[in-house]
Amino acid sequence: MDVQLWTYIIVGITFAIYIGIAIWSRAGSTKEFYVAGGGVPPLANGMATAADWMSAASFISMAGIISFAGYDGAVYLMGWTGGYVLLALLLAPYLRKFGKFTVPDFIGDRYYSNTARTVAVLCALFVSFTYVAGQMRGVGVVFSRFLEVDIDNGVYIGMAIVFFYAVLGGMKGITYTQVAQYVILIFAFMVPAIFISIQLTNNPIPQLGFGSTVSGTETYLLDKLNGLHEELGFAAYTNGSKSIIDVFFITFALMVGTAGLPHVIVRFFTVPRVKDARISAGYALVFIAILYTTAPAVAAFARTNLIETVSDQSYSEMPGWFSNWEKTGLLTFEDKNNDGKIQYVADKEQNELTIDRDIMVLANPEIANLPNWVIALVAAGGLAAALSTAAGLLLVISTSVSHDLVKKQIAPDISDKAELWLARGAAVLAVMVAGYFGINPPDYVAAVVALAFGLAAASFFPAIILGIFYKRMNKEGAIAGMVTGLAITIFYMARYKLGWIGEPTTSEDWWFGISPEGFGTVGMIVNFAVSLVVSNVRAAPPQEVQEIVDNIRFPRGAGAAQDH
Amino acid sequence: MDKEKMKLYWKKNIKFLTILLIIWFVVSYVAGILMAGPLNEIKIGGFPLGFWFAQQGSIYVFVALIFIYVSWMNKLDKEFDVDEKE
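Model, not experiment: these values are computed from the prediction.

## Observations concerning the overall build of chain A
Along its length, chain A carries 22 helices and 2 strands. Expected size for 564 residues packed as a compact globule is a radius of gyration near 24 Å; at 24 Å, chain A falls within 12% of this value. Seen through its C-alpha atoms, chain A measures out along the principal axes to roughly 75 × 55 × 40 Å. Within the span of chain A, comprising 564 residues, buried residues form 59% of the whole.

## Description of the overall build of chain B
Scanning chain B from N- to C-terminus turns up 3 helices and 2 strands. Reading chain B from its N end, one meets helices and strands in the order α-α-β-β-α. The globule rule puts the C-alpha radius of gyration for 86 residues at 12 Å, and the 18 Å found for chain B is more than 25% above it. Along the first, second and third principal axes, the C-alpha atoms of chain B reach 55 × 25 × 10 Å. When burial is assessed residue by residue, chain B has 36% of its 86 residues classed as buried.

## A word on the packing of helix H5 (residues 74–98) of chain A against helix H13 (residues 274–310) of chain A
Residues and elements named next belong to chain A. Taken N-terminus to C-terminus, the directions of H5 and H13 make an angle of 170 degrees; their axes are 9 Å apart at the nearest point. In this view, H5 runs roughly antiparallel relative to H13, as classed from their interaxial angle. Here Leu77, Trp80, Thr81, Tyr84, Leu87, Ala88, Ala92, Pro93, Arg96 and Lys97 of H5 come into contact with H13, specifically with Val274, Ala277, Arg278, Ala281, Gly282, Ala284, Leu285, Ile288, Ala289, Tyr292 and Pro296. Of the residues contributing to the contact of H5 with H13, the split by class is 16 nonpolar, 2 polar and 3 charged.

## Topic: the environment of Trp6 of chain A
Residue and element names in this part refer to chain A. If you trace the backbone, Trp6 turns up in helix H1 (residues 3–24). Note: C-alpha distance between Trp6 and Leu377 (371 residues apart in sequence) is 8.3 Å. Contact partners of Trp6, with chain neighbours within four places excluded, come to Met1, Asn372, Trp373 and Ala376.

## A closer look at the environment of Pro41 of chain A
In this fold, Pro41 of chain A is placed in the loop between helix H2 (30–35) and helix H3 (42–53). A tally of 14 C-beta atoms within 10 Å means that Pro41 of chain A is categorised as partly exposed.

## Overview of the interface of chain B and chain A
Counting residues at the interface gives 37 residues for chain B, matched by 42 residues for chain A. Elements represented by at least two residues in the side of chain B that touches chain A include exactly helix H1 (3–34), strand E2 (47–48) and helix H3 (49–79) of chain B.

## A word on helix H4 (residues 56–69) of chain A
Residue and element names in this part refer to chain A. Across its 14 residues, H4 extends 19 Å between first and last C-alpha, which sits within 8% of the 20 Å expected from 1.5 Å per residue. At Met62, H4 shows its largest bend, some 40 degrees. Burial runs high along H4: 11 of the 14 residues are buried. The complete set of buried residues in H4 reads Ala56, Ala57, Ser58, Phe59, Ile60, Ser61, Met62, Ala63, Gly64, Ile66 and Ser67. Phi for Gly70, located one or two positions after H4, is positive at around 60 degrees.

## Quick word on the nonpolar core
Grouped together as the largest cluster of nonpolar side chains are 216 residues, with contacts concentrated most on Leu185 and Leu394 of chain A. Excluding its chain neighbours within four sequence positions, the residues that come into contact with Leu394 of chain A are Val132, Val162, Ala166, Ala427, Ala430, Val431 and Ala434 of chain A.

## Looking at the packing of H4 of chain A against H13 of chain A
Residues and elements named next belong to chain A. Where H4 contacts H13, the two axes come as close as 8 Å, and the packing angle between them is 50 degrees. By the angle class used here, H4 and H13 are oblique. Handedness of the H4/H13 crossing: right-handed. Seen from H4, the contacting residues are Ser58, Met62, Ala63, Ile66 and Ser67; seen from H13, they are Leu291, Ala295, Pro296, Val298, Ala299, Ala302 and Arg303. Within the contact of H4 with H13, the residues separate by chemical class into 9 nonpolar, 2 polar and 1 charged.

## A look at the environment of Asn305 of chain A
All names here are of chain A. Within the secondary structure, Asn305 sits in helix H13. In this structure the C-alpha to C-alpha distance between Asn305 and Leu225, which are 80 residues apart in sequence, comes to 9.8 Å. Excluding its chain neighbours within four sequence positions, the residues that come into contact with Asn305 are Ile367 and Ala368.

## Observations concerning H3 of chain A
All names here are of chain A. The end-to-end C-alpha distance of H3, which contains 12 residues, comes to 16 Å, matching closely the 16 Å that a straight helix rising 1.5 Å per residue would cover. Across the 12 residues of H3, 10 count as buried, placing the element largely inside the fold. Looking only at H3, the buried set comprises Pro42, Asn45, Gly46, Met47, Ala48, Thr49, Ala50, Ala51, Asp52 and Trp53. Residues of H3 that are buried make contact with helix H8 (151–201), helix H12 (262–265), H13 and helix H16 (372–410).

## Thoughts on the confidence of the model for chain B
Residue and element names in this part refer to chain B. When pLDDT is averaged along chain B, the result is 93, and 98% of the positions lie at 70 or above. When the elements of chain B are averaged for pLDDT, strand E1 (residues 43–44) gives the smallest value, 90, and H3 the largest, 95. Across the interface, the model reports ipTM at 0.95; the global pTM reads 0.91.

## Focus on unusual backbone geometry
Residue and element names in this part refer to chain A. The backbone phi angle of Tyr112 is positive, close to 35 degrees, even though this residue is not glycine. Taking the number of C-beta atoms within 10 Å as the measure of exposure, Tyr112 has 15 and is therefore partly exposed. Although it is not a glycine, Asn338 sits at a positive phi angle of roughly 50 degrees. Taking the C-beta count within 10 Å as the criterion, Asn338 has 6 such neighbours and is therefore assigned exposed.

## A look at the confidence of the model for chain A
For chain A, the average pLDDT comes to 87, and 97% of its residues sit at 70 or higher. Per-element confidence in chain A is highest for helix H21 (residues 519–537) of chain A, whose mean pLDDT is 95, and lowest for helix H18 (residues 445–458) of chain A, whose mean pLDDT is 76.

What counts and how
- Here, residues in each chain are numbered from 1, in the same order as that chain's written sequence.
- All chains are assigned letters beginning with A, and all ligands numbers beginning with 1, in the order in which they are written.
- Local features in this predicted model are restricted to residues of pLDDT 70 or higher, and side-chain atom pairs are both shown and tallied only at a pLDDT of 80 or more, whereas totals for entire chains, interfaces and linings draw on every residue.
- Working definition: helices are DSSP H or I runs of at least four residues, strands are E runs of at least two. Numbering for both runs from the N terminus.
- For this measure, only C-alpha atoms enter the radius of gyration; the expected value for a globule follows 2.2 Å times N^0.38, where N is the number of residues.
- Using C-beta atoms placed from the backbone, we call a residue buried if 20 or more other C-beta atoms fall within 10 Å of its own, exposed if 12 or fewer do, and partly exposed for counts in between.
- Note on method: axes are straight lines fitted to C-alpha atoms, helices fitted across the in-contact stretch only, with angles between N-to-C directions ranging 0 to 180 degrees.
- For classification purposes, an angle smaller than 35 degrees is called roughly parallel, one larger than 145 roughly antiparallel, one from 65 to 115 roughly perpendicular, and anything else oblique.
- In this description, a residue-residue contact is defined by the distance between C-beta atoms placed from the backbone, which must lie within 7 Å.
- Nonpolar residues are Ala, Val, Leu, Ile, Met, Phe, Trp, Tyr, Cys and Pro. Charged residues are Asp, Glu, Lys and Arg, and all others, Gly as well, are polar.
- Every helix has an expected span of 1.5 Å times one less than the residues it contains.
- To get the bend at any residue, fit one axis to the seven residues that end at it and another to the seven that begin at it, then take the angle between the two axes.
- Each nonpolar core comprises buried Ala, Val, Leu, Ile, Met, Phe, Trp, Tyr and Cys residues, the members being joined through C-beta atoms within 7 Å.
- Left-handed is the label given to a crossing in which the near helix is rotated counterclockwise from the far helix by less than a right angle, and right-handed is the label when the rotation is clockwise.
- Summary of the metric used: pLDDT quantifies the predictor's per-residue confidence within the range 0 to 100.

Shown next, in the form of structure tokens:
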């Protein structure tokens, strides 16, 4: 059977599963819609969190980025896993004990202020929208290559599926669909990785194969790869080329940003007990780590295979995958010296091959000559990753509107049923907007995703941490901290990343050599400093707020997440 | 729960957090970033050690840290009688 048919079959089956689960787990109340009724077992929540977290970027782009960046790719590996340690130790158990539905709920109640709540809602909306645009685009890319529809139609199909389970099922539908999506995406990621690991190193475990010798030789794979890199003029694969301070700050911003992302935090409101919130962060990280420790192995394998297949080989003898991807425009060859061979080198003047790093994972099974069903499986996995994250984000958006804005501020008397319909309406609207961005992606999508992490780091993280660990923290401090942290981070991004303010800039102009991606760390430090100073010159928070803080510090009496 | 007992419980929690977060920092930021260069001189199989910490080892340690925290806290909750009933 050809790839096309396999893809239709496997993607068709997985979609049928998602829709079936959505119908089986429809939400009947706002509590089910927002936090799945608060009754999700920790293991299921761990899997759902992992699927929620691992987006099209983790599944499709990350191994590709590492493949081209070598050591520097570690910022994503550590940054997107280390944040779970912060979540499990510093946030999840206390927020679960607090027992409301959303992050703005916590900010609004802990800082006894609707201004603080509104700042938090705006951050949540901004972060989630920038993120979801990238997911819908990912869906479009996968569809366009594997189902041979154009990208726009791919986005429409994706919208229809997400619409089904996010709008109908709310958090309950999303959670159980995400469990299924996790299973599909991890299977789809591991199967080709194991195949290729065996091909290259005779070791079926990619995490070990990556440090083994190339089969039939005495040379270690990484040494061989470093050698290939040197020959072609690239920096050694295991050393990378970013400065130490920049790697440090980017990793930190990603970790703290992860721990401050509302669609991740809200997952810990769905488990029955504080104890479950702690352990489900652990399960989530195990499930995430399976992919995140495999990705760097896939990256090294793919890099080796790619260089060996194309470098200095004649263009006319390229395998089928090469021309398939040329058609999408994501791979281009220009024979500058007209020798009919592909020169793939670091020097821009002489390099003849341009490869979009997003295609590495998708093309990897083809490059390694794996069976057609594996290639189809990877397509289904990419879709599962993109759809699960998109759904989680859409839920945060709809909750922010129906719960944090309408119920908590505009119309407190609204009935549960009306609020549920409002939440569904907001989800429909969010799907439309996400679809629009998927079809007309702003050319700065990658830039705004970095911005999303930086903003989460510079706004939510300090406000939540201080809210739990510093009883004296008051609303003036929290608001001033969030606003200055956000302002300075937005300014830096606008100035040095998006080029909206002032003259064009280069990396020479960065403050202390910190790239815009890593600046969220600085924003976070500024937020902490401003919060502490302002909080100490203004009155302590009211007695009942201090009692809330005492109360969230131990688990007993958590009960289910509730409205009042 | 009385104030003194609560204070002690919280102090112990902070102690656990501090220990685990120091390890968190050492495996990722020290071994994987700041000292990655010198550590790369040491090879474990085919892996330069700094590179291994950055792309593999730190992640394994992160997982372990969460499970250690969970087991410490579950014990502490019982000891101070603030755990959750079934």
